[in-house]
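Secondary and tertiary structure notes
Spelled out, the chains give:
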4 protein chains.
Amino acid sequence: MAQPKAPDASRRSERSRRAIFDAALALVGEVGYDKLTIEGIASRAGVGKQTIYRWWSSKAAVLLDAFGAVVDEYDQEGLPDTGDLAADLKTVLRATADEFNDAAWQAPYRALAAAGANDEELSRTFVGRLMEPGMRVYVDRLRAAQETGEVATGIDLRIAAEMLMSPFSQRWLMRTGELTHDYVDTLVDLVLHGLRPRD
Amino acid sequence: MAQPKAPDASRRSERSRRAIFDAALALVGEVGYDKLTIEGIASRAGVGKQTIYRWWSSKAAVLLDAFGAVVDEYDQEGLPDTGDLAADLKTVLRATADEFNDAAWQAPYRALAAAGANDEELSRTFVGRLMEPGMRVYVDRLRAAQETGEVATGIDLRIAAEMLMSPFSQRWLMRTGELTHDYVDTLVDLVLHGLRPRD
Amino acid sequence: MAQPKAPDASRRSERSRRAIFDAALALVGEVGYDKLTIEGIASRAGVGKQTIYRWWSSKAAVLLDAFGAVVDEYDQEGLPDTGDLAADLKTVLRATADEFNDAAWQAPYRALAAAGANDEELSRTFVGRLMEPGMRVYVDRLRAAQETGEVATGIDLRIAAEMLMSPFSQRWLMRTGELTHDYVDTLVDLVLHGLRPRD
Amino acid sequence: MAQPKAPDASRRSERSRRAIFDAALALVGEVGYDKLTIEGIASRAGVGKQTIYRWWSSKAAVLLDAFGAVVDEYDQEGLPDTGDLAADLKTVLRATADEFNDAAWQAPYRALAAAGANDEELSRTFVGRLMEPGMRVYVDRLRAAQETGEVATGIDLRIAAEMLMSPFSQRWLMRTGELTHDYVDTLVDLVLHGLRPRD
DNA sequence: CGTTAACCGAGACGGTACGTCCTGTCTTCCC
DNA sequence: GGGAAGACAGGACGTACCGTCTCGGTTAACG
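So, how was this worked out
Residues numbered from 1 in each chain as written. Chains lettered and ligands numbered in written order. Predicted model: local features only at pLDDT ≥ 70, side-chain atom pairs only at ≥ 80, totals over all residues. Heavy atoms only, no water. Near = heavy atom within 4 Å. Polar contact = N/O pair within 3.5 Å; in protein donor to acceptor, adjacent residues only side chain to side chain. Helix = DSSP H or I, 4+ residues; strand = E, 2+ residues; numbered from the N terminus. Nonpolar A, V, L, I, M, F, W, Y, C, P; charged D, E, K, R; others polar. Phe/Tyr/Trp six-rings, centres within 6.5 Å; stacked < 30°, edge-to-face > 60°. Buried < 20%, exposed > 50% of the residue type's maximum accessible area, 1.4 Å probe, protein only. Lys NZ or Arg CZ within 6 Å of the ring centre and 35° of its normal. Core = buried A, V, L, I, M, F, W, Y, C linked by side-chain atoms within 4.5 Å. Contact = heavy atoms within 4.5 Å. Least-squares fit on C-alpha atoms with pLDDT ≥ 70 in both. Axes fitted to C-alpha atoms, helices over the stretch in contact; angles between N-to-C directions. Parallel < 35°, antiparallel > 145°, perpendicular 65-115°, else oblique. Left-handed = near helix turned anticlockwise from the far one by under 90°. Salt bridge = Lys/Arg side-chain N within 4 Å of Asp/Glu carboxyl O. UniProt positions renumbered as here; feature names shortened; annotations may be inferred. Expected span 1.5 Å × (residues − 1). Domains from an automatic or database assignment. Buried area = accessible area lost by both parts, 1.4 Å probe.

1. Description of the protein's contact with DNA strand F
Around DNA strand F sit 38 residues in total, of which Lys49 and Gln50 of chain B, Lys49 and Tyr53 of chain C together with Ser13 of chain D are the nearest. In DNA strand F, the atoms that sit within 4 Å of the protein are 65% sugar and phosphate, with bases accounting for the remainder. Ser16 of chain A has a polar side-chain atom sitting 2.9 Å from a phosphate oxygen of DNA strand F. Mapped by element, the contributors of at least two residues to the surface near DNA strand F are helix H3 (49-55) of chain A, helix H2 (38-45) and helix H3 (49-55) of chain B, helix H2 (38-45) and helix H3 (49-55) of chain C together with helix H3 (49-55) of chain D. Residue classes in the surface near DNA strand F are distributed as 10 nonpolar, 14 polar and 14 charged.

2. Remarks on the packing of aromatic side chains
If you walk through the whole model with that rule in mind, you get 32 aromatic pairs over all chains. Both rings, one in Tyr109 of chain B and one in Trp172 of chain B, keep their centres 5.5 Å apart while their planes meet at 90 degrees; by these two values the pair is edge-to-face. Taken together, the residues span a long stretch of sequence, with Tyr109 of chain B in helix H6 (residues 103-118) and Trp172 of chain B in helix H8 (residues 157-174) at a distance of 63 residues. For Tyr109 of chain B, a relative accessible area of 14% corresponds to the buried category. Here the aromatic residues Phe67, Phe100, Trp105, Tyr109, Phe126, Phe168 and Trp172 of chain A are joined through ring pairs into a cluster of three or more. Against the face of Tyr33 of chain B rests Lys59 of chain B, its NZ or CZ located 4.4 Å from the ring centre.

3. So, the nonpolar core
Judged by nonpolar contacts, the single largest core of 147 residues is most densely connected at Phe126 and Tyr138 of chain A together with Phe126 and Tyr138 of chain B. Look past the residues within four positions of Phe126 of chain A in its chain and what remains in contact with it is Leu64, Tyr109, Leu112, Ala113 and Met131 of chain A together with Met174 of chain B. By size, the runner-up hydrophobic cluster in this structure holds 146 residues, among which are Tyr109 and Leu179 of chain C together with Ala61 and Leu164 of chain D.

4. A few points about the relation of the copies chain D and chain C
Of the transformation placing chain D onto chain C, the axial shift is 0.1 Å and the rotation is 179 degrees, giving an RMSD of 0.2 Å. Such a combination of rotation and displacement between the chain copies is what one expects of a two-fold axis. Ranked by how close their C-alpha atoms come to the rotation axis, the residues of chain D are headed by Gly194 of chain D, at 1.5 Å. Of the residues that chain D buries at the interface, 100% are likewise interface residues in chain C, meaning the two copies contact each other through the same surface.

5. Describing the relation of the copies chain B and chain A
Of the two same-sequence chains, chain B is brought onto chain A (RMSD 0.2 Å, axial shift 0.1 Å) by a rotation of 179 degrees. Most of the interface of chain B is mirrored in chain A: 100% of its interface residues are interface residues there too.

6. Digging into the packing of helix H6 (residues 103-118) of chain A against H6 of chain B
At their nearest, the axes of H6 of chain A and H6 of chain B sit 8 Å apart, and the two run at 165 degrees to each other. Comparing the axis directions of H6 of chain A and H6 of chain B gives the class roughly antiparallel. Note on packing geometry: the crossing formed by H6 of chain A with H6 of chain B is left-handed. Residue-level contacts link Arg110, Ala111, Ala114, Ala117 and Asn118 of chain A of H6 of chain A to Arg110, Ala111, Ala114, Ala117 and Asn118 of chain B of H6 of chain B. By residue class, the composition of the contact of H6 of chain A with H6 of chain B is six nonpolar, two polar and two charged.

7. A few points about the pattern of salt bridges
The tally for this structure, following the rule as stated, stands at 64 salt bridges over all chains. A salt bridge links Arg158 of chain C to Glu162 of chain C; the nearest nitrogen and oxygen atoms lie 3.7 Å apart. Separated by four residues within a single helix, Arg158 of chain C and Glu162 of chain C lie in helix H8 (residues 157-174), roughly one turn from each other. Residue classification places Glu162 of chain C among the buried positions, given a relative accessible area of 2%. Of the charged contacts in the structure, one is a salt bridge between Arg136 of chain D and Glu132 of chain D, with a shortest N-O distance of 4.0 Å. Of this pair, Arg136 of chain D and Glu132 of chain D are both found in helix H7 (residues 120-148), four residues apart, which corresponds to roughly one turn of the helix. Overall, Arg136 of chain D belongs to the partly exposed group, its relative accessible area being 47%.

8. Quick word on the protein's contact with DNA strand E
With respect to spatial proximity, 39 residues lie near DNA strand E, and among them Tyr53 of chain A, Thr51 of chain B together with Glu39, Lys49 and Gln50 of chain D are the closest. A share of 62% of the atoms of DNA strand E within 4 Å of the protein falls on sugar and phosphate groups. Lys49 of chain A is positioned such that a nitrogen or oxygen atom in its side chain is 2.8 Å from a base oxygen of DNA strand E. Gly48 of chain C places a main-chain nitrogen or oxygen 3.4 Å from a phosphate oxygen of DNA strand E. Elements with a contribution of two residues or more to the surface near DNA strand E: helix H2 (38-45) and H3 of chain A, H3 of chain B, H3 of chain C together with helix H2 (38-45) and H3 of chain D. Class assignment of the residues belonging to the surface near DNA strand E gives a composition of 10 nonpolar, 15 polar and 14 charged.

9. Here we look at the UniProt feature "DNA-binding region" (unreviewed entry) in chain A
According to UniProt, the positions carrying the feature "DNA-binding region" (unreviewed entry) are residues 37-56 of chain A. Note that residues 37-56 of chain A is 75% helix and 0% strand, and that its end C-alpha atoms are spaced 13 Å apart.

10. Thoughts on the arrangement of the chains
One finds no contact linking chain B with chain C; the least C-alpha distance across the pair is 14 Å. A gap remains between chain A and chain D, which never touch, and the nearest two C-alpha atoms on either side lie 14 Å apart.

11. Let's talk about the side chain of Ser16 of chain D
Within the fold, Ser16 of chain D resides in helix H1 (residues 14-31). Among all residues touching Ser16 of chain D, those that are not within four sequence positions of it are Val47 and Thr51 of chain D.

12. Description of helix H6 (residues 103-118) of chain D
All names here are of chain D. An ideal rise of 1.5 Å per residue puts 22 Å on 16 residues; H6 measures up with 24 Å between its terminal C-alpha atoms. Burial within H6 is extensive, with 12 of its 16 residues counted as buried. Among all positions of H6, only Trp105, Gln106, Pro108, Tyr109, Arg110, Ala111, Leu112, Ala113, Ala114, Ala115, Gly116 and Ala117 are buried. Capping the start of H6, Asp102 holds a side-chain oxygen 2.9 Å from the backbone nitrogen of Ala104, two or three residues further along.

13. Section: the environment of Gln146 of chain B
Residues and elements named next belong to chain B. Within the secondary structure, Gln146 is located in helix H7 (residues 120-148). Note on Gln146: relative accessible area 17%, which makes it buried. Here the alpha-carbon distance between Gln146 and Val62, two residues 84 residues apart in the chain, equals 40 Å. Ignoring sequence-local partners within four residues, the contact set of Gln146 consists of Val151, Ala152, Thr153, Gly154, Ile155 and Leu157.

14. Brief notes about the domain arrangement of chain A
All names here are of chain A. As far as domains go, chain A holds domain 1 (11-71) and domain 2 (76-195). Centre-to-centre, using C-alpha coordinates, domain 1 lies 28 Å away from domain 2. Facing the 13 residues of domain 1 at the interface are 13 residues of domain 2. For the pair domain 1 and domain 2, the summed buried surface comes to about 1,100 Å²; carbon and sulfur atoms form 86% of the total. One can count zero salt bridges joining domain 1 with domain 2. At the boundary of domain 1 with domain 2, the tally comes to zero residue pairs in polar contact (both at pLDDT 80 or more). Put simply, the parts of the chain that give the side of domain 1 that touches domain 2 at least two residues each are helix H1 (14-31) and helix H4 (59-72). Looking at the side of domain 1 that touches domain 2, the element that brings in the most residues is H4, giving nine residues. Along the lines of polarity and charge, the residues of the side of domain 1 that touches domain 2 split into 10 nonpolar, two polar and one charged.

Set out below in C-alpha cells:
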C-alpha cells in the first residue's frame, strides 16, 4: 500500500516547514501564482528543493498547506445566534467580505481556486479543507433557524447555503462586482425571503 | 502611437487561424490546461510559433478566442417566454447543465475560468465575452416577469440572476455537487420564491 | 538512419560556438575538469544550456572540440628532416616537452586523456583527432630514416614510435617524472640504439 | 594537532569495510566510474553513507583501497631469472597482458588511472601503491642482467623499464592497439636491442 | 507582370524552471 | 562511540518551453 519511498515524518524539520509556508505566501503575493516557482520558494526559504519535493507534490499543494495553516488560526466556532437570522448572516458575511477584500488573502485564495479548477484531486482537498468547514457552519445556523420557524421546513439547507455563498464567491472570483456591505445585505434579504415559511 | 509592430490583419491566414483553434481545443482536452503549450499548439497546427505570438499574447488568449468561436455558434437568442417563468428557467438551466456535463466543454471552460482568477485582464475579457451575454438574457427574462407581476418590483435583477446562476456555476467549477435536473428544479423554485412579490 | 532530431547545422551560431570553446578552456584551467560543468560553461559563454546540449553530448565532447580547435592552429607539417634522425627527434620532443609543461595545455589534455579511459567512444575520437596525427609524423620520419639506413629495415615503425612517445606521455600523465630536455635526449638515444641496423 | 575528528580505527567494523570494497568493485564494473556514487556503494553494501565518509575522502579513495586489496593478493615476488632476460620479460609481460585483457581488472584500473590524471594527490598514491612496486621488479631484473652483461652499463634502468612498460600501458589505456603475445614479443626484442652493450 | 513587403513554417537562440540525483553534513536511534 | 538510516542545504543534471530572432519560401498588392 505504501508509496515507493515514504519519508519519515517524525524526523521532519519544523523549521523548514514554516520557512516554506512563509516564503510561499510572501511570494504568491509578490509575483502572483503563475510566476510562483518551487525554486523560488526553496531559495527564499533557505531550503533545498528536495525538501519541498519530499513533502509536497506541486506548488499548489504547498500553497494549500501554507494557506490552510493561516486559516486554521481563525478558528471558526460557528455562526453567532442572536435569534435574528438575517442580522447574524449579515454580520458574518460583512466580515467575510472584508477578508476577501484584503490583499493578503486574495492571492493565495484565488490561486487555489484556480488551480483546483484544473486539478480534480487538488480541488477535493481545497474544498474539503477550506470551503466545507465554512459551508457547514452556515447550514448549522440555518437548521437552528428552521427550528425557530424563521426558515421553512422541507428546504434543502445545502442549496440554501449555496444561494447565499456562491453569488458572493463568484462575484469575487470573477470580479463581476464589488463585495460591499450593501451588496451583502441585499443578498441576505433576497435569499431569506425565499426561505421563509410558505403562506 | 501605434504599437511597434502592428501586423496586417488583412493578410492573415484564415487557414492557420482555424488550425490553431482546433489544435488548442483538442490539446486542452487531451493534456489539460497546465500542460498546454504554445509549442504544442503550433506543432499540432502545423504552424510556426511566431504565427501564434503574432496574433495572441498568451495561451489563455488563444484558448479564449478558440472557445469563443465555438460558443458563438450556439448563437443565443434570448430565453423562451411562455408566460411561466419557473418553467422557462428550468428548461434553459437543464439544457445548460447538460452542456456543462459535456466533456468537450469542461476543459476549455474550466481552464479559462481558472486563468481568469489570476489574470485580471483576461478575467474581464472572459466575463465580458462569454459570461455577460448569458447573464444578460436572464436579467431580461426576469424583467419581463417583473412586468407580468411574477417577480416583485424593486428587486435588483442582477443579484437575482446571480442567485440563480452562481450556485450553479460554483457547484460545477468547484465540483461540490452534480448538476442534475432535480438540482436545477429545486434551485429555481427556491430562488423564485424569494423573488415573489412580498405580501 | 538519422537521429530523432538532427539540428540544422547551417543555422548554427559561430559566435556561440566560439564563446563556448573559450569558456570551456578557461574554466577547465580555473576549476579543473571535475568541477567543470555544462551550466558553468553556458553561463560563462553567455549561452543557453540547450545550445550546448544541441551540439555536444557531454562536457568531454565540448572540451575535445575546444581543445582540438586550439591544436589545429599548430598546424603540424611533418617533422624536420636534416638527415640526422637523433637531432631531429630531440628538437621536436624537446619542444613537445615544453608544451606539455605549459599550464594552459595541461588541464584540457589531462582531462581528455582521463575521460577517454572511461569512455571508449570518446577515447577513439580523442586518439584519432589529437594523437594519431602526431604519431603519424613520427612514423613518417622513421620511414625516411629507414631509407637512408639510419634505422634497420623490417622493424615495426608503429611500435618504434610508441617506444619513443609512450614513455614520454606516461611520465607526464602519471607524474612519474619530469619532462626535461635531458630526459628527452636520453630517451631518444636509447630508443634509436635499438632501432639501428643489426650487426 | 590532530584532525577535528579522528575516528578510532580500533573500533572499526571489518565487516563493513569488506562490504564496501565488494560493492565498489562490483558497481564500477556494472555502471562505470562516472556513474559510481557513494550513495550507490553505501546502499549496495548495506552501510550508512557516513561510514564511508568517515574512512575515505572520495569515491576514488574507496576504489583505490578496494582495488589495492585485490592486487595485494597477487603478491609479487620479483621477476623470474632464468638467465635469459628476453625470455623472462616475455613470460611476465604476456601474463600481464592477459591480466589487462580481463574485464574484472579493466574498470577499476582505468578508473583509477583516469582519476589520477586530474587529481595529483590521488595520482601519487595510485602510482606509489600500484605502479611503483611493479616497476621496481623490472628495474631489479634489468640490473641483474647488467651484471651478467646482457645489458650495457651506464644505462638509466628506470628509463629502460619505462620503454618496456609505457608503450604497453599506453596502448591499453588509450585503446590504440591490442595487447597480444606477438606485440609483447616484438616490443621486448626492440627494447632489448637498444639496451645491448654498444659495440 | 515584375518588385517587394508581409506573412508564413521552421527552428536556433538566451533564458528559466522543471523534477531527479547526488554531495557532504548532521541528527537520531540502536548496539 | 561506531554504525544504519535518512533528512537536510546545496547544486548540477538533462529536458521542456518561453518569447525573440533569423532564415528561405510563398503570396498578394503595387508600380
